[in-house]
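Now for the letters of each chain:
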Amino acid sequence: MWTTQVGPSRFRIRRSKSLKTCPKLHMLTSRVVPANEDQASRSVDYFESVYDLFDSAQQVAGPVERGYLIGGFHVRLSFAGPALLSLTRALDHLAADDDSHPDLTICLWDSESTGQRMIARPWQEEDFLARGVIQGYNTDRIYTAFQHGSGAVSVLDRERNVAVFWAPDAKLPYWEYGSPLRSILHWWLLSRGLQLVHAAAVGNANGGVLIGGKGGSGKSTTALTCLESKLSYVGDDYTLLGLDSGSVVHSLYNSAKLNSDHVQRFPSLLPKIANPERLADEKALLFVNEYYPAKVATRLPVRAVLVPRVTGLPETSWKRVSVAITLAALAPSTIFQLPRAGNEALRFLAAFARHLPCFSLEVGTNLSTIPAAIERLLAEID
Amino acid sequence: MDTQRFKVNIPTVTHEIIDGEAVIINLENGNYYSLSDVGSFIWGLFETGSSANEIRNQVLQTYQGDATDIDRSVRELLTQLQQENLIVPVNGTASDHTQPAPANNNDEKQSFNPPMLHKYSDMQELLLLDPIHDVDDAGWPKPVPDPPK
């Protein structure tokens with residue numbers, strides 16, 4: 001873990017006077033198009049205003065730095081004080097000591113602990129779009145989203161590779177701690193060829209399987225059964241996909257989320273639940289790396305894509321399904337949760353699934369049969 | 001009407017044809033759809049813009065079936081796709097000339113089965129998760145407190 005304290009001046013941002021001279025960035029999505037130069041300038045100004053507030057907050061509360069290796073990229077989290085440090089639990093398995101220049105720096109602050117108020121929003125109420133996208137403050141360069149439920153704001157400057165995450169206070173919903181900084185990481189990593197996907201992944205020396213499907217489809221159940229097996233755990237909710245060197249899945253979060261009624265099926269996990277007192281309102285949250293660090297794999301080549309289906313039968317089996325069925329399981333649940341995701345995500349996921357065998361994993365009620373079936377499947381594919 | 005061209009409703013809709021099946025996602029309302037076989041073939045014709053007449057002729061050239069059935073199926077699918085806001089009219093119309101079905105060797109054609117648009121709404125909740133919000137003093141949305149039980 002980094003202990004080096006890097007002051008805010010290290011990446012202090014100077015207001016750009018020459019946006020026109022900036023290299024054109026790869027277009028991430030066609031859903032939000034910069035309307036004009038005013039919008040581009042306004043978006044940059046907004047980012048810089050939010051960054052300046054972070055800077056002030058960090059000077060008051062003190063800098064706290066953490067480094068991570070995410071999908072092969074060095075990501076530095078720079079906090080204004082310790083209040084939001086709990087967000088790192090889901091990323092702890094990716095902690096990196098390397099103090100080299102980060103590829104991406106994410107600045108985090110909250111108003112309650114630092115006393116630094118957030119700027120009044122400069123947009124109108126009708127500019128809050130679906131998935132938290134802020135109309136008028138999203139361009140090729142600047143990405144801005146509001147997180148309903150937590151009240152957090154995420155804003156990324158892709159040209160400077162700096163993002164700011166602000167929250168009113170540290171009392172964030174459990175899912176913010178389970179999958180922190182999801183929007184920022186999605187936006188930035190896509191520009192580096194990695195697609196965040198709503199899918200679990202497990203595997204062994206033969207490779208891994210990607211397990212796609214909407215919430216409640218059995219992803220987490222399948223992934224968690226592997227903790228007591230020979231299989232490694234990559235993730236159970238959100239993972240990262242790469243295509244540069246074959247089909248690869250990278251671990252993103254080590255947090256497992258289970259419906260509170262399902263968690264009863266895993267008695268060995270019950271004492272490890274991070275939020276036992278709130279299960280009436282929240283999913284059970286488990287940080288796998290804190291209890292099973294040796295089980296967490298950070299990267300696996302993907303050999304197959306599975307779509308889980310609960311059958312009610314005791315045994316687990318599988319059957320071949322079409323790529324289109326698999327894409328329909330992967331793409332909508334991914335795209336509908338990520339601000340500004342659209343065409344590019346669908347193309348990426350189609351390209352990823354197109355060259356892999358796709359199966360329906362017929363999940364049995366006898367949980368021990370799940371990892372056993374996956375092991376057999378991986379052996380057969382190999 | 002039959003010469004009015006339609007195209008995929010970009011950017012509201014994103015879509016992909018993979019192994020002969022179309023996966024279609026409406027990014028605004030959270031619905032998604034699938035089309036296979038003839039339906040996927042027809043969907044592909046909307047990528048560049050096609051009219052009902054043009055689609056009918058393309059289907060007749062490719063599939064073996066009763067021309068009246070094909071004509072009716074094409075119209076029904078086109079109506080469904082419009083109702084779901086998946087295709088939109090484009091400026092300009094196609095030629096009004098309805099070509100006769102070419103006399104291809106039917107043995108080389110696939111059998112025509114009426115296209116079925118499968119619609120899925122189980123992801124809508126993800127877009128509708130945003131709770132009804134109020135606005136605080138600084139103008140930020142905030143969740144409306146649950147009513148007392």
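Model, not experiment: these values are computed from the prediction.

### Here's the deal with the overall build of chain B
Okay, so step 1: Helices and strands together make up the secondary structure of chain B, namely 4 helices and 11 strands.
Okay, so step 2: Per-residue burial for chain B yields a buried fraction of 34% across its 149 residues.
Okay, so step 3: Of all intrachain contacts in chain B linking residues separated by at least 6 positions in sequence, the fraction that spans at least 24 positions is 65%.

### Observations concerning unusual backbone geometry
Okay, so step 1: Residue proline 11 of chain B is bonded to the preceding isoleucine 10 of chain B through a cis peptide linkage, with omega at 5°.
Okay, so step 2: Take proline 11 of chain B: it is sitting in the loop between β1 (4–8) and β2 (13–18).
Okay, so step 3: A positive phi angle is found at leucine 181 of chain A, which is not glycine, with a value near 60°.
Okay, so step 4: Following the sequence through the fold, leucine 181 of chain A ends up in the loop between α3 (174–178) and α4 (182–190).
Okay, so step 5: On the basis of neighbour counts, which here come to 24 C-beta atoms within 10 Å, the residue leucine 181 of chain A falls in the buried class.

### A look at the nonpolar core
Okay, so step 1: Leu327 and Leu349 of chain A are the most contacted members of the largest nonpolar core, which totals 153 residues.
Okay, so step 2: Setting aside residues no more than four positions away along its own chain, leucine 327 of chain A makes contact with Leu349, Ala350 and Ala353 of chain A together with Glu16, Ile18 and Val23 of chain B.

### Notes on helix α1 (residues 37–45) of chain B
Okay, so step 1: All buried positions along α1 of chain B are accounted for by Val38, Gly39, Ser40, Phe41, Ile42 and Trp43 of chain B.
Okay, so step 2: Taken together, the buried residues of α1 of chain B touch β2, β3 (21–26), β4 (32–36), α2 (52–62), β6 (63–64) and α3 (67–83) of chain B.

### Structural notes on the environment of serine 251 of chain A
Okay, so step 1: With respect to the helices, strands and loops of the structure, serine 251 of chain A is situated in strand β12 (residues 248–251).
Okay, so step 2: We classify serine 251 of chain A as buried; it has 25 C-beta atoms within 10 Å.

### As for the pairing of strand β15 (residues 299–310) of chain A
Residue and element names in this part refer to chain A.
Okay, so step 1: Pairing analysis gives 4 bridges linking strand β9 (residues 207–212) to β15, with the strands arranged parallel. Residue pairing across strands places isoleucine 211 opposite leucine 306, the latter belonging to β15.
Okay, so step 2: The sheet contact formed by β12 and β15 spans 3 bridges and is antiparallel. Paired with valine 248 across the strands is proline 301, a residue of β15.

Reading the values: rules and limits
- Residues numbered from 1 in each chain as written.
- Chains lettered and ligands numbered in written order.
- Predicted model: local features only at pLDDT ≥ 70, side-chain atom pairs only at ≥ 80, totals over all residues.
- Helix = DSSP H or I, 4+ residues; strand = E, 2+ residues; numbered from the N terminus.
- Buried ≥ 20, exposed ≤ 12 C-beta atoms within 10 Å, placed from the backbone.
- Contact = placed C-beta atoms within 7 Å.
- Core = buried A, V, L, I, M, F, W, Y, C linked by C-beta atoms within 7 Å.
- Pairing = 2+ DSSP bridges.

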